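What the coordinates show
These are the residues of each chain, in order.
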Amino acid sequence: MTKNPFGVNLTLLPALVPPDYHGYAKVIIDEGISIVETAGNSPGPVIKQLKAANCIILHKCTTIRHAHSAIKLGVDFLSIDGFECAGHVGESDITNFILLSRARQSLGVPFIASGGFADGQGLAAALSLGAEGINMGTRFMCTIEAPIHQKVKEAIVEAQETDTELVLRRWKNTSRLFANKVAKEAVKVERESTSGKFEDVAPYVSGKRGREVFINGDVDFGVWTAGQVIGLIHDIPSCKDLVERIEREAEKTIGKASSLIVGRAQDGREPAPGEVGQNMNSPGAEIWGIGKTKL
Ligand SMILES: Cc1cc2nc3c(=O)[nH]c(=O)nc-3n(C[C@H](O)[C@H](O)[C@H](O)COP(=O)(O)O)c2cc1C
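Report on the accompanying structure. Small disclaimer: the values here were computed from a predicted structure and weren't measured. (Residues numbered from 1 in each chain as written. Predicted model: local features only at pLDDT ≥ 70, side-chain atom pairs only at ≥ 80, totals over all residues.)

**Remarks on the overall build of the protein chain**
Broken down by element type, the protein chain carries 11 helices and nine strands. For the protein chain, with 295 residues in total, the buried portion stands at 32%. Contacts spanning at least 24 positions in sequence make up 53% of the contacts within the protein chain whose residues lie at least 6 apart. (Helix = DSSP H or I, 4+ residues; strand = E, 2+ residues; numbered from the N terminus. Buried ≥ 20, exposed ≤ 12 C-beta atoms within 10 Å, placed from the backbone. Contact = placed C-beta atoms within 7 Å.)

Now the structure itself:
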């Protein structure tokens, strides 16, 4: 499909019959894939296996505690996934405004921001908070190239940020899904089940039926993953147009934010307390460091 480098994701999830993750990792290594994103529970042994084969490892996690554990295991950088994200949100419910700054304050290795990003304003925010870049899941589902049914893309465009559901919290395997009929039913069963058995909800959260949605376009056929960012998605562009637009928006946003810094560029000195300076970018502003508005 491409001559360019690419990475693969290896997600380790609790399962009744755990897949052969070491086998998957072996295939990744044997196929010469050099960049791997790991995610999920107890990835230690797999990370060791991949590191021993000199893979560059990006580990995705939803808590700073897990990020520190991954660093100890030797991952190269991290993807910090806020509570807004699609799919496995973890059990701590910390959104990216806090999580990214905690990452900046405490990790000491590079990280990218994941969860809730769809535009250049978001990219600029992530960079401001200390990330080196962003990861987007839901936004890329809603592109021309995404190999999923058009009806699913249209459902995302029509959806609001409130149209997601959290399921499987009761079993500490919380997932953020698109709030369709099945997901809402799953939440109800999870809340009302007196046995508390996973088997009660299992038929509603079948991954097989969920995958079928992407093929048949019936958005209520099964559960499927989407993040709160659906509220920010209003079109179905090509990946090229999307990425270029995000670049333009981020440049504009960063430029606009920079223009709020006034009075320092001429001689580089800090203004004395109470000193009124001249704003070179915004002639209307007269207060040092406040911004464009004349107060
Ligand atoms: C349809 C879909 C499937 C996903 N599958 C996986 C997966 O198998 N493993 C994983 O680590 N993350 C998975 N994710 C999560 C993304 O990799 C990413 O962390 C998340 O989408 C970021 O949040 P966002 O959707 O707000 O951008 C999936 C996301 C979507 C939308």
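**Brief notes about helix 4 (residues 96-106)**
Those residues of helix 4 that fall on the buried side of the exposure criterion are N96, L99, L100 and A103. The buried side chains of helix 4 occupy one side of the element, clustering within an arc of 95 degrees when seen end-on. In helix 4, the exposed positions angled more than 90 degrees off the buried face are occupied by Q105 and S106. On its buried face, helix 4 sits against helix 3 (64-72), strand 4 (77-81), strand 6 (111-114) and helix 5 (120-129). Note on helix 4: the residue one or two positions beyond its end, G108, has a positive phi of about 80 degrees. (Arc of directions from axis to C-beta.)

**Here's the deal with the sheet that holds strand 3 (residues 56-61)**
Reading across the sheet, the six strands line up as 1-2-3-4-6-7 and stay open at both edges, with parallel pairing between neighbours. Looking at which strands have only one partner, the edges of the open sheet turn out to be strand 1 (7-12) and strand 7 (134-135). Inspection of the sheet shows strand 6 paired to strand 7 by two bridges, in the parallel sense. Bridged to S114 within strand 7 is N135. In the packing of helix 3 onto the sheet, contacts are made with strand 3 and strand 4, and the angle to strand 3 comes to roughly 160 degrees. (Pairing = 2+ DSSP bridges. Axes fitted to C-alpha atoms, helices over the stretch in contact; angles between N-to-C directions.)

**Quick word on the packing of helix 1 (residues 21-30) against helix 2 (residues 44-52)**
For the pair helix 1 and helix 2, the least separation of the axes is 10 Å and the interaxial angle reads 20 degrees. On the basis of the axis angle, helix 1 is roughly parallel to helix 2. Between helix 1 and helix 2 the crossing geometry is right-handed. Contacts between helix 1 and helix 2 involve Y21, H22, A25 and I29 from the former and V46, Q49 and L50 from the latter. For the contact of helix 1 with helix 2, the class distribution of residues is five nonpolar, two polar and no charged. (Parallel < 35°, antiparallel > 145°, perpendicular 65-115°, else oblique. Left-handed = near helix turned anticlockwise from the far one by under 90°. Nonpolar A, V, L, I, M, F, W, Y, C, P; charged D, E, K, R; others polar.)

**Quick notes on the site of the ligand**
Among the 23 residues in the neighbourhood of the ligand, the closest are listed as A39, A86, G137, T138 and G227. Counting only elements with at least two residues in the shell around the ligand, the list comes to strand 1 and helix 6 (138-141). When residues of the shell around the ligand are assigned to their parent elements, the largest contribution, three residues, is made by helix 6. Of the residues belonging to the shell around the ligand, the class tally is eight nonpolar, 11 polar and four charged. (Near = placed C-beta within 6 Å.)

**Observations concerning the nonpolar core**
By size, the foremost hydrophobic cluster in this structure holds 61 residues, and its most contacted members are I80 and I156. The element that contributes the greatest number of residues to this core is helix 5, accounting for four residues. Looking at which domains feed residues into this core, each of domain 1 (7-142 + 234-253) and domain 2 (164-225) gives three or more. Apart from residues no more than four positions distant in its own chain, I80 is found in contact with C61, A67, L99, L100, A103, F111, A113 and S114. (Core = buried A, V, L, I, M, F, W, Y, C linked by C-beta atoms within 7 Å. Domains from an automatic or database assignment.)

**Quick word on the sheet that holds strand 5 (residues 87-88)**
Two strands in a sheet stick together by hydrogen bonds in their backbones, pointing the same way (parallel) or opposite ways (antiparallel). One open sheet accounts for three strands, arranged 5-9-8; its pairing is antiparallel. Both outer strands of the open sheet, strand 5 and strand 8 (164-167), are each paired with one neighbouring strand and no more. Both strand 5 and strand 9 (residues 175-178) contribute to a ladder of two bridges, which runs antiparallel. When the bridges of strand 9 are listed, H88 appears paired with S175. Lying on the sheet, helix 8 (residues 181-192) is in contact with strand 8 and strand 9; it crosses strand 8 at an angle near 35 degrees.

**Here we look at the pairing of strand 6**
Neither face of strand 6 is exposed, since F111 and A113 on one face and I112 and S114 on the opposite face are all buried. Where strand 4 and strand 6 come together, four bridges link them in parallel fashion. The residue of strand 6 that forms the bridge with L78 is F111. Crossover strand 6 to strand 7 through helix 5 is right-handed. (Right-handed = clockwise from strand over helix to strand, strands pointing away.)

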